[in-house]
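The lines below spell out each chain.
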Amino acid sequence: MGLLSDPVRRRALARLVLRLNAPLCVLSYVAGIAWFLALVFPPLTQRTYMSENAMGSTMVEEQFAGGDRARAFARDFAAHRKKSGALPVAWLERTMRSVGLEVYTQSFSRKLPFPDETHERYMVSGTNVYGILRAPRAASTESLVLTVPCGSDSTNSQAVGLLLALAAHFRGQIYWAKDIIFLVTEHDLLGTEAWLEAYHDVNVTGMQSSPLQGRAGAIQAAVALELSSDVVTSLDVAVEGLNGQLPNLDLLNLFQTFCQKGGLLCTLQGKLQPQDWTSLDGPLQGLQTLLLMVLRQASGRPHGSHGLFLRYRVEALTLRGINSFRQYKYDLVAVGKALEGMFRKLNHLLERLHQSFFLYLLPALSRFVSIGLYMPAAGFLLLVLGLKISSLHEAEVGLEEPGGVGFQGLTAGGMVVVFGDPLAPGPISKSLCALQGVGLASLVAPLLISQAMGLALYVLPVLGQHVATQHFPVAEAEAVVLTLLAIYAAGLALPHNTHRPLSCRVVSTQAPDRGWMALKLVALIYLALQLGCIALTNFSLGFLLATTMVPAAALAKPHGPRTLYAALLVLTSPAATLLGSLFLWRELQEAPLSLAEGWQLFLAALAQGVLEHHTYGALLFPLLSLGLYPCWLLFWNVLFWK
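Residues numbered from 1 in each chain as written. Predicted model: local features only at pLDDT ≥ 70, side-chain atom pairs only at ≥ 80, totals over all residues. Heavy atoms only, no water.

- The name an unreviewed UniProt entry assigns to the protein is GPI-anchor transamidase component GPAA1, from the organism Rhinopithecus roxellana.
- Under the Subunit (unreviewed entry) heading, UniProt states for the protein: "Heteropentamer. Part of the GPI-anchor transamidase complex, consisting of PIGK, PIGT, PIGS, PIGU and GAA1. Interacts with PIGK." (UniProt positions renumbered as here; feature names shortened; annotations may be inferred.)

So this is what it looks like as structure tokens:
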């Protein structure tokens, strides 16, 4: 503390930081990237462990043997669905009642802001069917959910068959202390969101749905199941939820424990677990899995029905049966036993899952990185912005030493106030005539116009889609995407219109630089605050944006190789970051894209991002349009400052 409280030492430290600013920035950025890459190596990556005492043992005897019954249910469901062309509600009601459940239905409808070309829907209406198994040993105060999403383009018949077979098996057991809800939703996530909003008596997305006639207790945990065949080669688990939320790590540990007990092959991000972490191959494979998780979490999309449960403080995950590894074969009995074991252990819970981590990264199912170990990576990147802020501040306001040291500060009225050293002789007013400040009024125009462009980017694409379709031969979804790109590109013309000559009382050789330095100082503070807040709530998104935007933000200035700086700014803009992330994601999945395929996927991702914000409340689109895009425009203004 003596270093910061002593004025002489503080000034010496300021001079040192100012003199070594560029090397310190490079060192800090490299340290952030190196720290992130080191997360896959022990001891930064740790073995997972069960924190909840009630789930610390797998000493339960799974008795499920209804594989044939599950396959029969699946065949009947597929036949009735093919015959009706929609979810066979009447057959589901009849079948659930036959196995002893309380059966209810819920109808819902939703008009999307523009047609969803990926799923070919606009005016959506459907019906959810759910059955409740009442706990024989307790009042209906708590419940668990097993859900199967059924979309118009998904083949999930085997999952429905297994759900019904498990319901029949659970009905014959007497040890249940929690209600169990067996839920079949129509239209995938739309049906799930409609049911969750009605169950919790809220409406956050504008969904129109009928009230629920039957309820169970407060939902403690949920498992979403997706199966596409009677035989699976592995079970892949999805944990990323809406806006990057993650379930409690104990729920994931529970799934892995019962997969190991039953000999089931379980994967994460479609990748097998590394077996040897002592050699380099294990950490490198873990790095691929870690990068895939970072990219999926940064997208903010719910990667499964479980992602919507997390918003309501319900720990949930999605299990998908995949057929990528042909040397392993498992039938529905093995999957059913794993689910039975999970639900029996969840039945033992006396309170919500809370003892394990909610913020973590996963290089493998058996390894995790806690928040205390991965946050320094983002901290080092944000330190670059802090160093540049301090450098600009010192360079702009300066240090005066007329027999002492005066520290200049910028006030709202554009006056320069010098906070002198109490040990320095002479009145402070002598320094005022020799100094010059920048009025804040000169920064109002670029700040307001940049924010106005962000607001236009957020509002106009959806509001103006009908006008665009009337004047141009495009569909509504294409109009939304093209309007997005047009407004985004129009921001490149702003530097010629947003700043004006500064009014100066005293002519100084530093006057030409004061304007852009003040604007860059504001932009750096704005960017640092945004990235810091994002990293706290969604580390993956914050780290990804910091990795790309920080170097360009630190280098932006109207002097030097302006063309090189402009290219760097364009390549690190939010849109370019999204495009590059898509190519990296497919490369890590070992399915590389061509330039044309990448561009088409980029356009589809733009449309889906806007649609998911208006449909489910995903925050990535407003965050980029209202926050990071205007901030990026400020750096673009700095680069082309006149």
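After that view, the rundown keeps rolling.
## Quick word on the overall build of the protein
Right, so step 1: Check the secondary structure of the protein and you find 22 helices and 15 strands.
Right, so step 2: Taken across its 642 residues, the protein has 53% of its residues classed as buried.
Right, so step 3: Accessible surface for the protein amounts to roughly 27,100 Å². Of this, 62% is attributable to carbon and sulfur atoms. (Helix = DSSP H or I, 4+ residues; strand = E, 2+ residues; numbered from the N terminus. Buried < 20%, exposed > 50% of the residue type's maximum accessible area, 1.4 Å probe, protein only. Areas by Shrake-Rupley, 256 points an atom, 1.4 Å probe, with all protein chains shown as cover.)

## Quick word on the sheet that holds strand β2 (residues 102-116)
Right, so step 1: Reading across from one edge, β6-β2-β3-β5-β4-β7-β10-β8-β9 is the order of the nine strands in this open sheet, with mixed pairing throughout. Sheet topology places β6 (208-209) and β9 (266-268) at the edges, where each strand pairs with a single neighbour.
Right, so step 2: In the sheet, strand β8 (residues 234-238) pairs with strand β10 (residues 315-322) via five bridges, with the strands oriented antiparallel. Looking at the pairing, S234 lines up with I322 of β10.
Right, so step 3: Lying on the sheet, helix α6 (residues 157-171) is in contact with β3 (121-133), β4 (142-150), β5 (179-186) and β7 (218-226); it crosses β5 at an angle near 160°. (Pairing = 2+ DSSP bridges. Contact = heavy atoms within 4.5 Å. Axes fitted to C-alpha atoms, helices over the stretch in contact; angles between N-to-C directions.)

## A look at the sheet that holds strand β1 (residues 46-47)
Right, so step 1: Read from one edge to the other, the open sheet built from three strands follows the order β1-β12-β11, with strand pairing classed as antiparallel. Looking along the sheet, the strands with just one partner apiece sit at the ends: β1 and β11 (360-364).
Right, so step 2: Looking at chain direction, β1 and strand β12 (residues 367-370) are connected through two bridges and run antiparallel. Pairing of R47 across the sheet is with R367, part of β12.

## A word on the environment of S573
Right, so step 1: As for its placement among the helices and strands, S573 is situated in the loop between α19 (562-571) and α20 (574-588).
Right, so step 2: With 59 residues separating them in the primary sequence, S573 and W632 have C-alpha atoms 6.9 Å apart.
Right, so step 3: For S573, the contacting residues outside a window of four places in its chain are Y488 and W632.

## Observations regarding the side chain of D250
Right, so step 1: Within the secondary structure, D250 is located in helix α8 (residues 249-262).
Right, so step 2: Of the buried charged residues, D250 lacks a salt bridge, with R313 as the closest side chain of opposite charge at 11 Å.
Right, so step 3: Looking at D250, its side chain comes within polar contact range of the main-chain nitrogen of E52, at 2.9 Å.
Right, so step 4: If sequence neighbours within four positions are ignored, D250 has contacts with Y49, M50, S51, E52, M55, L353 and S356. (Lys, Arg positive; Asp, Glu negative; His and termini not counted. Salt bridge = Lys/Arg side-chain N within 4 Å of Asp/Glu carboxyl O. Polar contact = N/O pair within 3.5 Å; in protein donor to acceptor, adjacent residues only side chain to side chain.)

## Thoughts on the packing of aromatic side chains
Right, so step 1: Per the counting criterion, the structure on display carries 21 aromatic pairs.
Right, so step 2: The interplanar angle of 65° and the centroid separation of 6.1 Å between the aromatic rings of Y49 and F368 together place this pair among those described as edge-to-face. Pair noted here: Y49 is in the loop between β1 and α4 (67-84) and F368 is in strand β12, with a separation of 319 residues, a long-range link.
Right, so step 3: With a relative accessible area of 44%, Y49 lands in the partly exposed category.
Right, so step 4: Here the aromatic cluster, defined as three or more aromatic residues joined through ring pairs, consists of F170, Y175, W176, F182 and F343.
Right, so step 5: Seen from the ring of Y175, R344 lies directly overhead, with NZ or CZ sitting 4.1 Å from the centre. (Phe/Tyr/Trp six-rings, centres within 6.5 Å; stacked < 30°, edge-to-face > 60°. Lys NZ or Arg CZ within 6 Å of the ring centre and 35° of its normal.)

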